[in-house]
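Residue strings, one per chain:
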Amino acid sequence: MSLEGQSKGVDLPALQEHLCGLWSRKEQEELRQVLASSLSKMQEPLAGLLDVLEGCLTVQKGKSTILNQFILTEFMRWRTNNPQASLNGLREEGRLRLQQKALGLLTDSHPRYMDPLLEIYQLSSLKRPVLLEHVDFLHDCCCFKEALIFGVKVELQKDLDMEKMCVPLILLDKLSLVELYVRDHPDLQQRLVKLLDSWCEPNFNIQTLLSRYPNMVLSKHQRDQIQPKLLIKHVFRLMEKFCIDPGLCSNSVYKRKLYSLRFLMYKTFGEKSMSEENWRDHVQAMIEGNTELQVQLVQLLVKHCSLKTAAQWAAHYNLPRNRLPLGVWDKIQNLKKKHLEIHAVSGPPESWTPLQSDQQKYYQLPLPRENVYFVETLDEVEQCRETVLKPGGVVGMDMEWRAGFGTVSSQHVALIQLAVQDRVFLLDLCAHAISHHSSTVNFIRALLSDKNILKLGYGMSGDLRSLVSMWPELREEPMKMEGVLDLLHVHQKLQRCWSGNKRCRSVEVSEGPAEKGLSLLVQQVLGKPLNKTEQLSNWERRPLRTSQLRYAATDAYCLLDVYLVLSRDSKAFGLPEDLRSIPSVQQAKSREEKKPKEKNKQSKRREARQKVNEPHSLDDCIKVNSKYEGPTITPPELRVVCDNMLQDLGRFLRCLGVDVKMLEDSDDHKVAAELARAEGRVILTAGQPYQTLRSQVGEGRCLTLDCSEKARDQAVHVLRHFHVHLTPADIFSRCQACNCNEYLKLSREDMTRMMRERDIVSKWDDCESQAESNSWRPPEGPEFTPHCRWAPRTALDPQTFKFPSGAEVQLETVPPGLLCQIPVYFICTGCGKVFWEGTHYDRVLSQFQEVLHVSEDAATKA
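About the thresholds
- Each chain carries its own residue numbering, running from 1 in the direction its sequence is written.
- Two thresholds apply to this predicted model, a pLDDT of at least 70 for residue-level local features and 80 or more for giving and counting side-chain atom pairs, whereas whole-chain, interface and lining totals are computed over all residues.
- Computation of side-chain values: all heavy atoms of the structure, hydrogens and water removed.
- We count a stretch as a helix when DSSP gives it H or I for four or more residues in a row; a strand needs E for two or more, and each element gets its number in order from the N terminus.
- Three labels apply to residues, based on accessible area from a 1.4 Å probe with only protein chains included: buried if under 20% of the type maximum, exposed if over 50%, partly exposed otherwise in between.
- Using a 1.4 Å probe, the Shrake-Rupley method yields the accessible areas, and only the shown protein chains count as cover for residues.
- The rule for a salt bridge is simple: a side-chain nitrogen of Lys or Arg has to be within 4 Å of a carboxyl oxygen of Asp or Glu.
- Excluding any residue in a salt bridge, patches collect residues exceeding 30% relative accessible area, merging like charges within 9 Å and nonpolar Val, Leu, Ile, Met, Phe, Trp and Tyr side chains within 5 Å.
- Charged-residue counts in this description rest on Lys and Arg as positive and Asp and Glu as negative, His and the chain ends being excluded.
- Where a charge lies is defined by one atom per residue type: Lys uses NZ, Arg uses CZ, Asp uses CG and Glu uses CD.
- Contacts are residue-level and defined by heavy atoms, with any inter-residue pair within 4.5 Å sufficient.
- Should DSSP find at least two bridges between two strands, the strands are regarded as paired.
- Axis lines are fitted through C-alpha atoms, for helices just across the contact stretch, and the angle between N-to-C directions can take any value from 0 to 180 degrees.

As annotated in an unreviewed UniProt entry, the protein carries the name Exonuclease mut-7 homolog and is attributed to Cyprinus carpio.

Peer 1: When you look at the overall build of the protein in this model, what are you seeing that I'm missing?
Peer 2: Across its full length, the protein holds 40 helices and 14 strands. Per-residue burial over the protein gives 47% buried out of 862 residues. About 43,800 Å² of surface is accessible on the protein, with carbon and sulfur atoms providing 48% of the total.

Peer 1: Hey, could you run me through the pattern of salt bridges in this one?
Peer 2: Pairing of side chains with opposite charge becomes possible as their charged atoms draw close. Applying the stated criterion to the full structure yields 33 salt bridges. Here Asp136 makes a salt bridge to Lys164, at a shortest N to O gap of 3.3 Å. Of this pair, Asp136 sits in helix H8 (residues 128–140) while Lys164 sits in helix H10 (residues 162–171), placing them 28 residues apart in sequence. Judged by relative accessible area, which is 32%, Asp136 ranks as partly exposed. One salt-bridge network, in which partners are shared between bridges, spans Glu277, Asp281, Glu534, Arg541 and Arg545.

Peer 1: Would you mind going over a positive patch on the surface with me for this structure?
Peer 2: Taken together, Lys229, Lys233, Arg262 and Lys303 make up a surface patch of like positive charges. Along the chain, Lys229 falls in helix H15 (residues 228–242).

Peer 1: Hey, could you run me through the environment of Leu258 in this one?
Peer 2: Mapping Leu258 onto the fold places it in helix H16 (residues 250–270). Accessibility expressed as a relative area gives 8% for Leu258, which makes it buried. It is 9.9 Å that separates the C-alpha atoms of Leu258 and Gln294, two residues lying 36 residues apart in sequence. If we ignore the near neighbours within four places in the chain, the residues touching Leu258 are Leu293 and Gln296.

Peer 1: Even after reading the chapter, I still don't get the side chain of Asp555, so can you show me in this structure?
Peer 2: As for its position among the elements, Asp555 is in helix H29 (residues 546–568). Overall, Asp555 belongs to the buried group, its relative accessible area being 5%.

Peer 1: How do you make sense of the sheet that holds strand E2 (residues 394–401) when you look at a structure like this?
Peer 2: In a beta sheet, neighbouring strands are held together by backbone hydrogen bonds and run either parallel or antiparallel to one another. With respect to topology, 6 strands assemble into an open sheet ordered E1-E4-E3-E2-E5-E6, the strand pairing being mixed. Of all strands in the sheet, those with a lone pairing partner are strand E1 (372–375) and strand E6 (484–486), marking the two edges. In this sheet, neighbouring strand axes are inclined to one another by 25° on average, regardless of whether the strands run parallel or antiparallel. Of the pairings in the sheet, the one linking E2 to strand E5 (residues 454–457) comprises 3 bridges and is parallel in character. If you follow Gly396 over to E5, its bridge partner there is Leu456. Packed on one face of the sheet, helix H25 (residues 460–470) meets E2, strand E3 (413–420), E5 and E6 and runs near 65° to E2.

Peer 1: Would you explain helix H33 (residues 647–655) in this entry?
Peer 2: Every α-helix winds through 3.6 residues per turn, so residues three or four apart in the chain are directed the same way. Regarding H33, the residues found buried are Gln647, Leu649, Gly650, Leu653, Arg654 and Cys655. Its buried side turned inward, H33 meets strand E7 (639–642), strand E8 (659–662), strand E9 (682–685), helix H36 (711–721) and helix H39 (839–847). At the exit of H33 stands Gly657, carrying a positive phi of roughly 95°.

Pasting the structure below:
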């Protein structure tokens, strides 16, 4: 059927132009009316819709993704009142023709309007060979993402080659899409994990793999994502997520253990923060039964320790001579048999009182040994229960378990520490008499659910997860936790206050490795950090050493001291008087669930605050659940630091007026945390660094973004997350190159004079006459009036053309022919870059129209 037959009474080219014009002018209501009227006039609306979508792609030259999505949404709404616009009434031939054309639109379409097309044209009803052929077509066109998403939407996973579909997207750093592809398919999940593990083999050559995709060009970031260390992280994460047997991933498990072995060597012989006894416990458990790891251990001992120690371990595992480093075999032959045995570290009995140097350096437990009780019988559990379960009491609570180097299994709690005012109880969950007894389980359940007893912890969610994995009763019969204060949330609020309010109490940071977590909180509040030497010790060994008992008791008791100091003078720390009012994760989630019901009330409050210009800051508004729940802010009020993986996003945000610091490619991720703490900024990052960075700044001060999204979509996400009120005046109010928000406005005459003095242009009489004859017209669209700081004319040195910042005007970047057309120039005082009004301004307005707020006056001008 011809175009006219499909759209009787409708001039499609004119309609497409009209729709695109309305869209660019943001006249959505009129667009709805025109579209509905046109659809009603079409003889075959389904065919006409495809022609409109296809035409808009041509008219807007690939920038019509959002417009087409809008058209599809409006068509779905229009169809509710026009049910006859359906494939059901068409013949098989006509239906197939429309479906084939709809498939064509999916070749390079946005995933957001794939669903409407699938529903409207019932594409899932096509025969599987047709669908598979389309997937192959998309793949051959290098539309790997579209091919995978389409395959998932029409449920073709069982008929497709998993490696063919997933490998290109893994290389393009879109593993999240691959995980979507294998969801609900255990066999595919196992194959995916084994595939990633095979890439960790020593002989794996990434170039051989890339040669299969000659048209694929990977960025440096994408290449970094397929390095062994990151691949191993993904393998372990997916093994746990999909419950995959670690035995199927021998390469990743071996390398993870090797990395852990090197880490332990560094902690013991390099940093010297782990005792040799702790080191030996972990190493023996890690390398048992693995000859390759045993050989690696001997090599590391030769490098970091001594030839004698290496010989002892080589003899202990009876390693063959041809696998030993140079000199080890000879050392074995020269040593007597008794000297080849691995002995425990010997020495005098350990005293409960720490060394004098440790007493001066670290926080000390203010209790004698007799006030620390090791609980390993049911009678002792009952005595502990009677002491701890007292209404109105305050209990410090902590847990310890053995570090699981090179494993994916959940950790089992070995020790529960409960501290009250004058004593500490250590519940031995390795003791069979109490570890799974109902008396122990019921005691802990009663403690955690008693609202009349305040329980203090730090990062309690991890402890509780390990406890639930050990005691299934807590999962089968969930308990309601009450009276719990996680000091991690208090610490996060404390850090936000100190990073954003210079009047708050300052903190001295000691030399050496930076403290973190609970140790940092203890240092900030009590003056000295914790001694974490025993943190990675073997908590399943019995009996525990004196130093382990002291460490375990200290970790729980320090919570009481921290709470006492913060409660006595909370205002000095920038905290509310009642520390319990700081919401926990559970309370924050509950508030988030109630948020939709109070949406209208909150909107009215925001409008009221805006009307009276009530001051507010970002620090006041970020809640502990990382959700921004405060009033609307302007772009300059949002101050961020972009990780080096998000430089494109940083430039977009600067373009929109946001205050952005960006890391260089060579900068370490920790630089972002340092900038955030020093300047009160929010960190924007993507991928693996998120967990590390989040732990170094306050809650809500780190936002992770989908690195598979385009920078423009990431920018929209950031604006919406922080409720940024974007106006046309914010566009280009800040220099994209240097982040400066101060401009000097120069006329064409001044710019011409400066360029003449630098001999950049000549013979301007002809050009000036041309400029006079061709009266300049501003580009169509809103007037460019950036909301920035304006520098006085005197800020520019008339001789050197430099600003006080030292930046010189970049005259060479101005094309000579431009002077005939542009009457006004804007010069950044920070870097000297020259800007002028052109089509780029209109283009940015169009890109961000969905989050742009245009006043009635501005709309009238437009």
